[in-house]
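Commentary on secondary and tertiary structure
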Protein chains: 2
Amino acid sequence: VNVDGRPFRSIWLADDGVTVDIIDQRLLPYEFEISNLSTLYDACVAIRDMAVRGAPLIGATAAYGVYLAMREDAADDALAHACSALLETRPTAVNLRWALDRMRGAIGALPAARRAAAALAEANAIAGEDVAVNRAIGEHGLELIRGIAQRKKAGEAVNILTHCNAGWLATVDWGTATAPIYLAHDAGIPVHVWVDETRPRNQGALTAWELGHHGVPHSYIVDNAGGHLMQQGKVDLCLVGSDRTLRNGDVCNKIGTYLKALAAQDNDVPFYVCLPSSTIDWQPDPGGIPIEERAAREIERIAGRLDERRVADVGVTPSGTPVANPAFDVTPARLVTGLVTERGIFAAREDALAAAFPELA
Amino acid sequence: VNVDGRPFRSIWLADDGVTVDIIDQRLLPYEFEISNLSTLYDACVAIRDMAVRGAPLIGATAAYGVYLAMREDAADDALAHACSALLETRPTAVNLRWALDRMRGAIGALPAARRAAAALAEANAIAGEDVAVNRAIGEHGLELIRGIAQRKKAGEAVNILTHCNAGWLATVDWGTATAPIYLAHDAGIPVHVWVDETRPRNQGALTAWELGHHGVPHSYIVDNAGGHLMQQGKVDLCLVGSDRTLRNGDVCNKIGTYLKALAAQDNDVPFYVCLPSSTIDWQPDPGGIPIEERAAREIERIAGRLDERRVADVGVTPSGTPVANPAFDVTPARLVTGLVTERGIFAAREDALAAAFPELA
């Protein structure tokens, strides 16, 4: 996806051919700055301090982190140390463990002298596969947008509502919910995106930043507004991501997704969830999804640009006010029009998912 | 309602017996400061600069403003000037015009020498009637809360979700949606309130401030969280206010109300709207309620406490991001369990409202 006309990924091999560059996402949406990772330590700090975020990107960064560690020292204990140091940066990130297991599998049996090159190749493969999966999600979702566009007058934009940032910044490229949007825009289909602010962490600002820099028309709205816009006929399609999808089609995603799904159903707006199959939880009966309760401070204080030079945060609750901060909700499968995956679009039902992914089900 | 144990209204005759005191709401929820109005000019500034806000309180302040003007000069042209100056402070506020018409009716025919005293009496009557209406709403709503409490284990709190600030700060006392809550708390019924932040203007902070200073247990949540809490069985009752209710029972209220009503229906949570009958629009067919589109700046910048001494606002959208800011939405009558008015609780239907308010219908 482009930033002001120049194509970018969220992580890439630097021009020197040996170190790794990332976009420092802590400064977004206020400043666009590229940061260089040349050591294991750099990679650990980037993940821990959330210079990179989003499950797929965290996984890719950890993979490159193993490669950077092997450049410094490719002995067995250095490999073990690198994996445990990277794993500790974000202990709950499932993708982190997956990427490290895969790196260990790819290079663990090799002689030390060949590990760095093999690690780079494997990290590149992990990143490349993420791009391919998201691109495939995008191509399937593109057909949904094309179908709506064909029922509109020529030149009339397809209005798409999205929640949170399921964008290219959270992946290596394309994003999940945004992939169909970028492909539609690039194909010349007029689109306009309603971007939910997504309190408390305001990830909508990242989505707006992405869309703006790629040139996709959009409007930033508060989370309260989407239902009204659907009532007014101003939303043709909802596209959201998913942190975890159950085999029965229930979708766990950023808090507030459920409210938008209810409004979509009430107004006959199609509601699609875009997800790589790697985020499907195939457990027979997970017995309810535990919902992370995050720090009160995320709600109590809001960060933003104070003036030209400074970013600061301000307290928005009365002092001493108790706060509750559930971070995700579960949208029941009955509210989901379909699941857009890298293999196609499927009903949010166990039989449909199992037929599409027989090797995983 | 109390502030730290001492009963307060939002406007009252000052201790000197001639001027008027208000709570300067621009400083809330960070500072509690009383401000004195001694002239027409003071009253105009208080309304225009939103030191007072909320339709009923704006009306009462305008009424006291006429009284203050008559103290200075009670001639016919001074009365005309006072009314036009006050009307211009918030041109779209329906209650402002209503209060000024009533004041003119009460004192216009009197000799100048008697106008100030009569104006004070009429302003006191307007304020007193607002208190009585809200208190009556509270007493009817109290029975809903009592009914839920009786079905719970002893000591278990009734969980009530509210949106925006339909609190005593927006009225002269009690508030609309908060009146049942204060009366229940004062009656010893354990209640706990989920306070929606209510982006973009974060009026939830005012509600949290009110509840906290009166001693009512509550938790501040982002607008995205309410649906999830209802799914988890953590909400027993929704109570919201209304800016305008149509004769068919459709409710126009702060943006986002509709989303909570959908979630309430999906989870069998009773959803009640608390309103004085003065906000019912009896027009046979208003042909759709026009929804105010407010300034982008309300969304782009968020005010809060920067440090111990300073309140500041920060920009939270990427520079140049387009913003849409619809301020209200319409909750269809089918989602409303009942309307809590000063005369009792009625179905959100034309026949029920007309039977309850035959002289208005």
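Each remark here, short or long, concerns the structure printed above.
Residues numbered from 1 in each chain as written. Chains lettered and ligands numbered in written order. Predicted model: local features only at pLDDT ≥ 70, side-chain atom pairs only at ≥ 80, totals over all residues. Heavy atoms only, no water.

All names here are of chain A. Applying the stated rule across the entire model yields 50 salt bridges over all chains. With a shortest N-O distance of 2.8 Å, Glu298 and Arg201 are connected by a salt bridge. Linking Glu298 in helix H10 (residues 297–300) with Arg201 in the loop between strand E7 (191–196) and helix H7 (204–214), this pair joins segments that are 97 residues apart in sequence. Residue class for Glu298 comes out buried when judged on its relative accessible area of 12%. Across the pair Arg247 and Glu350 runs a salt bridge whose closest N-O atoms are separated by 2.7 Å. Highlighted residues: Arg247 in the loop between strand E10 (244–246) and strand E11 (251–254) and Glu350 in helix H11 (residues 350–356), separated in sequence by 103 residues. Through salt bridges with shared partners, a single network forms among Asp24, Arg26, Arg48 and Asp49. (Salt bridge = Lys/Arg side-chain N within 4 Å of Asp/Glu carboxyl O. Helix = DSSP H or I, 4+ residues; strand = E, 2+ residues; numbered from the N terminus. Buried < 20%, exposed > 50% of the residue type's maximum accessible area, 1.4 Å probe, protein only.)

Now for the interface of chain A and chain B. With 57 residues of chain A in contact, the opposing surface of chain B contributes 57 residues. Looking at the side of chain A facing chain B, the largest losses of area belong to Tyr220, Asn224 and Leu259 of chain A, adding up to 16% of the total buried there. Our count for the chain A to chain B interface comes out at four salt bridges. Counting every contact that joins chain A to chain B gives 26 residue pairs in polar contact (both at pLDDT 80 or more). Only H7, strand E8 (218–221), helix H8 (226–231), helix H9 (257–266), strand E14 (301–305), strand E15 (311–315) and strand E16 (328–331) of chain A provide two or more residues apiece to the side of chain A that touches chain B. (Contact = heavy atoms within 4.5 Å. Buried area = accessible area lost by both parts, 1.4 Å probe. Polar contact = N/O pair within 3.5 Å; in protein donor to acceptor, adjacent residues only side chain to side chain.)

Turning next to the relation of the copies chain A and chain B. Mapping chain A onto chain B leaves a residual RMSD of 0.1 Å; the transformation is a rotation of 180° accompanied by 0.0 Å of translation along its axis. This pairing of chains is accounted for by a two-fold axis. When the interface residues of chain A are mapped onto chain B, 100% of them are again interface residues, pointing to one common binding face. (Least-squares fit on C-alpha atoms with pLDDT ≥ 70 in both.)

On to the pairing of strand E12 (residues 271–274) of chain B, then. Residues and elements named next belong to chain B. Side chains Phe271 and Val273 project from E12 onto one buried face, and the interleaved Tyr272 and Cys274 project onto a second face that is buried too. Where E12 meets strand E17 (residues 338–341), three bridges bridge the pair, whose relative direction is parallel. Within the sheet, the bridge partner assigned to Val273 lies in E17 and is Leu339. (Pairing = 2+ DSSP bridges.)

Residue and element names in this part refer to chain B. Burial of helix H9 (residues 257–266) is extensive: eight of the ten residues sit out of reach of the surface. Within H9, the full set of buried residues consists of Thr257, Tyr258, Leu259, Lys260, Ala261, Leu262, Ala263 and Ala264. At the C-terminal side of H9, Asp268 shows a positive phi close to 55°.

Residue and element names in this part refer to chain B. Across the sheet, which stays open at both edges, the four strands sit in the order E13-E10-E11-E16 with mixed pairing between neighbours. Only two strands of the sheet have a single partner each, and these edge strands are strand E13 (280–281) and strand E16 (328–331). One ladder, built from two bridges, connects strand E10 (residues 244–246) with E13; its direction is parallel. Opposite Thr245, over in E13, you have Ile280 as the bridge partner.

All names here are of chain A. Overall, Arg247 belongs to the buried group, its relative accessible area being 15%. It is 14 Å that separates the C-alpha atoms of Arg247 and Thr341, two residues lying 94 residues apart in sequence. A polar atom in the side chain of Arg247 sits 2.6 Å from the backbone oxygen of Trp282. In terms of polar contacts, Arg247 uses its side chain to reach the side chain of Glu350, at 2.7 Å.

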